[in-house]
Amino acid sequence: MLAAGRAGEHALLVAPTGAGKTLSGFLPTLVELIERPHGGLHTLYVSPLKALAVDVQRNLMTPIEQMGLNISVEARSGDTPSDRKARQRANPPHILLTTPESLSLLLSYPDSFGMFATLKTVVIDEVHAFATGKRGDLLALGLARLQRIAPGLRRVALSATVADPDGYRAWLAPDGDIDAVRLVVGEKGAEPDIAILLPEGRVPWSGHSGRYAAPQVMAEIETHGTTIVFCNTRSLAELIFQDLWKENRLALPIGIHHGSLAKEARRKVEGAMADGRLRALVATASLDLGVDWGNVDCVIQMGAPKGSSRMLQRIGRANHRLDEPSEAVLVPGNRFEYLEARAALDAVEAGELDPDIFRSGALDVLAQHIMGVACAAPFAAADLLGEIRAALPYSALSEETFERVLQFIADGGYALRAYDRFKRLTKDADGVWRVSHPRFIAQHRLNAGIIVDAVTLDVRFRNGRRLGTVEEYFASTLSVGDTFFFAGLSLEVERVDIADLWVRATTRPARIPTYVGTRMALSTNLAQRVRGFLHDRAEWHRFPDDVRDWLEVQDRRSALPAPDQLLVETFEREGRHYLVAYSFEGWNAHQSLGMLITRRMEALGLKPIGFVSNDYALAVYGLEPIDDPAALFSPDILEHEFVEWVQGSALLKRAFREVAVIGGLVERQHPGRRKSGKQVTFSTDLIYDVLRRYEPTHLLLQAAWDDARARMTDVGRLADLLDRAAGTMLHVRLDRISPLAVPVLVLIGRESVAQGSADDALLTEAEALATEAMQLD
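Residues numbered from 1 in each chain as written. Predicted model: local features only at pLDDT ≥ 70, side-chain atom pairs only at ≥ 80, totals over all residues. Heavy atoms only, no water.

*Asks:* Explain the sheet that holds strand β2 (residues 43–46) to me, please; I cannot follow it from the model alone.
*Replies:* A sheet is described by the order of its strands in space; here 7 strands give the open sequence β3-β4-β2-β5-β6-β1-β7, paired in parallel fashion. Sheet topology places β3 (73–75) and β7 (181–185) at the edges, where each strand pairs with a single neighbour. Averaged over neighbouring strand pairs, the angle between their axes works out to 15 degrees when direction is ignored. In this structure, β2 lies alongside strand β4 (residues 95–98), joined through 4 bridges in parallel fashion. (Pairing = 2+ DSSP bridges. Helix = DSSP H or I, 4+ residues; strand = E, 2+ residues; numbered from the N terminus. Axes fitted to C-alpha atoms, helices over the stretch in contact; angles between N-to-C directions.)

*Asks:* Can you walk me through a nonpolar patch on the surface in this structure?
*Replies:* Taken together, the side chains of Leu2, Leu23 and Leu27 make up a nonpolar region of the molecular surface, amounting to roughly 220 Å² of accessible area. By the secondary structure assignment, Leu27 is in helix α2 (residues 21–35). (Patch = residues over 30% accessible without salt bridge, like charges linked within 9 Å, V, L, I, M, F, W, Y side chains within 5 Å. Areas by Shrake-Rupley, 256 points an atom, 1.4 Å probe, with all protein chains shown as cover. Salt bridge = Lys/Arg side-chain N within 4 Å of Asp/Glu carboxyl O.)

*Asks:* Looking at this model, I keep getting lost on the sheet that holds strand β25 (residues 618–622). Mind explaining?
*Replies:* Whenever strands of a sheet pair, they do so through backbone hydrogen bonds, lying parallel or antiparallel. The 5 strands lie next to each other as β24-β25-β23-β22-β28, forming an open sheet whose pairing is mixed. Of all strands in the sheet, those bounded by a partner on one side alone are β24 (608–613) and β28 (729–733). Here the strands of the sheet are splayed against their neighbours by 15 degrees on average, with no regard to which way each runs. Sheet analysis places strand β23 (residues 576–582) next to β25, joined by 5 bridges and oriented antiparallel. Bridged to Leu579 within β25 is Val620.

*Asks:* Could you clarify how one ought to interpret the environment of Leu23 in this entry?
*Replies:* Take Leu23: it is sitting in helix α2. Residue class for Leu23 comes out partly exposed when judged on its relative accessible area of 44%. For the pair Leu23 and Pro63, spaced 40 residues apart in the sequence, the C-alpha separation amounts to 9.6 Å. (Buried < 20%, exposed > 50% of the residue type's maximum accessible area, 1.4 Å probe, protein only.)

*Asks:* For this particular structure, what's the right way to read helix α17 (residues 438–447)?
*Replies:* An α-helical segment advances 3.6 residues per turn. Residues three or four places apart therefore align on the same side. Buried within α17 are the following residues: Phe440, Gln443, His444 and Asn447. Projected down its long axis, α17 shows its buried positions confined to an angular sector of 100 degrees, all on one face. Positive backbone phi, approximately 140 degrees, marks Gly449, located one or two places after α17. (Arc of directions from axis to C-beta.)

Coordinates in, geometry out; function isn't part of it.
In structure tokens, the structure reads:
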């Protein structure tokens, strides 16, 4: 990295956690500042998390102070006091640590030209965490702007796990010139020591939480110094925390950490972990990145990992030393998850990572960036278009689309141009674009940002102390006197206001909050490996006896599909007709497919009752037999039922709310007051209805469609599945349920229950179904 710095080359560093990536990123800067003292801002460090910037500041200041260097380092985020923000723009430090959103805001000020003129290096940490999403779009546009202000600027990116280094090199490079970026690969280090925890007894038929293993997980915690217990959802984290606390006979200090907890609560737990005061921390993806706690010596993953890259990222949180293996334990929730856990271990051993999917830049993000550029100074359209195309996500942006985005910012679009509140830009006689009124500049800076939170209520004690947030959807299901687990406590609802949920602590049994966000989908490479396990009997000796029996009886009673086949089973049970498809495309895609197939069944007179799904299979059921499954899986379902369903569902409205906020059409806050989530939703719903009626081709409706299709429904995987369904379908008619169908069918009637909270009932029902399925007569 020093060699790349001295040569003035852009660089991508890929190295495992604990290899010293962050210091390698900063070392060329420290050397330059020692050899050639510099006035003004020298290096900008961009991280995906505010907490990461604070962590890095602490770790960076130590060597600077120990070497007695006269180098100033500061952090800047949404939490930074306004007086310090103003001072940083006028008199910046040598090294500024920030996030993509804060950088975008800095670029919206006229003094940004002077502030960044001295900039020599940008260091982007954990680049894999945002390069392929909207935050990456915003950062790519920011880099293009910085390169125009400081043409000699050097770009550096750091990451632990990427499958496609060349994709990231192209994303990082000015104009996508991959050859301009040197790839630096760090030493691999010791192979991780990963075990699959098998329950005392048998691998369960159903469930996806691994809750059955709480006593064994607690035993692992007791025998290690410090353990992080990762859960795939916030609901499960709360549940597992309670389960572990019941098993915690030694009263060891255990904490909980997830994104809905108050910042103060998270910081307190992070501090306790850094000081070595906790024996275990139950956490979600809120701790996937940039946590440098050297005393963590074990990571436990509850439920299946869903992807090999994510699993490696989490395992890397254990043991920040290259010469010793990181220790990890996987706790599969059911038999399919056992196969997935085994697939993940094999993928890690083979060095196979999840694919990185780069996409074209989002238009709502582009609109926000253009408005920010205009706030800093008037611009000529042709110059700005050239600058924007230097960012890889927008390299193919057409002049026509660019003009549409400009026009949208200028008047809101055809259906909204009668309203002055949408006229944010004006074009001068000489063709230069400028902001129409100073109030739009203040509005932009107050509302800029890519992360649009779900509508939430604050959870508070009577004394006003804030514990964190729950989503409005969950709060609407609560009444005074109801209890729920949150922040590791059992809480009783005292009253519900528009913005607050007032609670008190209780010892009564409680339920778990539910969150609307999409679940992590099973990655395509793990899905392919699981398909391989089903087909390749030579692999079965590696599995526990009960998993092997499960597959052998399935083979005798029905079929096991080849990796390229779609197995579809149909059978009758208790007066209902069932279809189970083993497509392995992940829960999100299966949920969408279930909606579409039941709509088509309705049209065909098959009288559907409902559907259930997991990551591996989809089951639909109705009152009439399904003799021709192929008719339900035809690709035209995406042209007809999919379009109708999305337009009629809340899905598109939710996507529109996000793009309207990001694109600047609707403000989240005005000077001095913030709109409630309900007010924002009401505003966007009104505009959405107007545009759907009078301007269905509006830029933001197009952007909402793109979001709804890609992010919320995994429609790409769905399309691939439907394209190959007709040619690869293996239809087996059965006289009763098959062993493979038990894990998905047991979910019927349970989908509306909070995740994990019905596990005992599930286990009882699963055993009854399993007994029927495993009979060989």
